[in-house]
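# Results of the structural survey
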Amino acid sequence: MKTVKEVSKISGVSVRTLHYYDAIGLLKPAKVTQAGYRLYDDTALSRLQTILLFKELQFPLKEIKQILDNPDFNQAQALEQQIDLPELQYKHIGRLISFARELRKKGDVSMDFKAFDTSEIEQYKAEAKEKWGKTSAYREYEQKTEKGECSEGAQKLMAMFAEIGKLKAVPPCDKKVQEKIAYLKYVITENFYTCTNEILDSLSQMYVEDERFKKNIDSAGGDGTAEFVRQAVIIYCKNN
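These remarks concern the structure in this document. (Residues numbered from 1 in each chain as written. Predicted model: local features only at pLDDT ≥ 70, side-chain atom pairs only at ≥ 80, totals over all residues. Heavy atoms only, no water.)

### Side note on the sheet that holds strand 1 (residues 2-3)
Heads up, the rule is: Between any two strands, pairing holds if DSSP finds at least two bridges. Under the DSSP-based scheme used, a helix requires at least four consecutive residues in state H or I and a strand at least two consecutive residues in state E, with every element numbered from the N terminus.
On the basis of which strands lie adjacent, the open sheet formed by three strands has the order 1-3-2 and antiparallel pairing. Strands with a single pairing partner mark the edges of an open sheet, and in this sheet they are strand 1 and strand 2 (31-32). In terms of strand pairing, strand 1 meets strand 3 (residues 38-40) through two bridges, oriented antiparallel. From the neighbouring strand, K2 faces strand 3, where its bridge partner is Y40.

### Here we look at the side chain of T225
What counts is decided by this rule: Only protein chains enter the accessibility calculation, which uses a 1.4 Å probe; a residue is then buried when its area is under 20% of its type maximum, exposed when over 50%, and partly exposed in between. Polar contacts, as counted here, are pairs of nitrogen or oxygen atoms within 3.5 Å of one another; within protein the pair requires one atom able to donate a hydrogen and one able to accept it, and residues that are adjacent in sequence qualify only if both atoms are side-chain atoms. Whether two residues touch is decided by their heavy atoms; if any such pair falls within 4.5 Å, the residues are in contact.
Structurally, T225 can be placed in helix 12 (residues 225-239). Using a relative accessible area of 0% as the deciding quantity, one classes T225 as buried. One polar contact links the side chain of T225 to the main-chain carbonyl oxygen of G221, over a distance of 2.9 Å. Contact partners of T225, with chain neighbours within four places excluded, come to F161, G165, K168, I217 and D218.

### A look at the nonpolar core
Spelled out, the test is: Buried Ala, Val, Leu, Ile, Met, Phe, Trp, Tyr and Cys residues that are joined via side-chain atoms within 4.5 Å together make up what is termed a nonpolar core.
One finds I181, L184, I188, L200 and V229 to be the most contacted residues of the largest nonpolar core, which totals 26 residues. At the level of elements, helix 8 (149-165), helix 9 (175-191), helix 10 (197-209) and helix 12 are the ones that each hand at least two residues to this core. Per-element tally for this core: the top contributor is helix 12, with seven residues. In this view, V229 contacts F161, I164, I181, L184 and Y207; residues no more than four positions away in its chain are not counted.

### Points about the packing of helix 1 (residues 4-11) against helix 3 (residues 42-56)
For clarity, the cut-off: Lines fitted to the C-alpha atoms define the axes, with helices restricted to the stretch that makes contact. Angles between their N-to-C directions range from 0 to 180 degrees. Just so you know how the angles are binned, under 35 degrees is roughly parallel, over 145 roughly antiparallel, 65 to 115 roughly perpendicular, and the rest oblique. What makes a crossing left-handed is the near helix being turned counterclockwise from the far one by less than a right angle; a clockwise turn instead makes it right-handed. Side-chain classes follow a simple rule in which Ala, Val, Leu, Ile, Met, Phe, Trp, Tyr, Cys and Pro form the nonpolar group, Asp, Glu, Lys and Arg form the charged group, and the remainder, Gly included, forms the polar group.
Viewed as axis vectors pointing N to C, helix 1 and helix 3 meet at an angle of 40°, and their least axial separation amounts to 12 Å. With respect to helix 3, the element helix 1 is oriented oblique. The two elements helix 1 and helix 3 cross, and the hand of that crossing is right-handed. Of the residues in helix 3, those touching helix 1 at V7, I10 and S11 are L45, L48 and L52. Tallied by class, the residues present in the contact of helix 1 with helix 3 amount to five nonpolar, one polar and no charged.

Remember that the coordinates give geometry; whether it matters functionally is a separate question.
Written out as structure tokens, the structure reads:
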């Protein structure tokens with residue numbers, strides 16, 4: 001068993017971050033002593049290694065948790081990727097070192113930028129995201145896409161945003177607004193994938209942060225609708 005400070009030292013992950021991982025259920029300690037000290041066993045350390053791998057592949061923490069908690073997740077395959085990705089990065093760094101040495105030797109400027117090419121690494125990351133990013137919600141979405149259900153669902157979704165937009169004059173906590181948010185969640189579940197409160201919260205955040213979504217939602221419900229939906233969803237998820 002290792003303490004949180006020892007895990008932090010050997011992994012490079014800060015104590016605060018490890019505490020946060022515990023709080024969100026991403027990495028729970030194997031044991032917590034009566035004094036409140038977190039202790040991590042080899043299983044927990046193995047999970048931490050996999051978390052760091054998926055972080056390197058640019059997965060958000062919520063997706064990493066969904067992947068690792070999925071019973072279909074294959075630890076052995078993930079371990080192979082833990083080897084493959086650093087090897088690609090090692091080769092890339094080696095090329096950069098050789099390139100820099102050659103420049104120093106020649107003493108002039110080279111027009112060859114091949115050493116800076118990271119396309120192989122990026123392709124690897126994209127393939128990994130394609131492989132592991134298909135959570136149960138994503139697979140459900142794919143099935144409904146194949147059945148042609150999502151096109152009609154998109155229209156219903158825009159209609160919902162138009163209805164919610166008409167309520168912007170009242171506070172997002174208003175009963176009528178909250179009823180619309182509940183129905184919005186239902187529409188997403190029926191037409192795309194099972195919409196949990198966690199997914200709804202993530203979607204609403206994307207509605208305001210992604211300019212494409214924000215533009216479409218504001219187009220349906222009027223300026224400020226995306227932000228209004230976001231605030232209403234925060235209240236909904238807090239109370240339900």
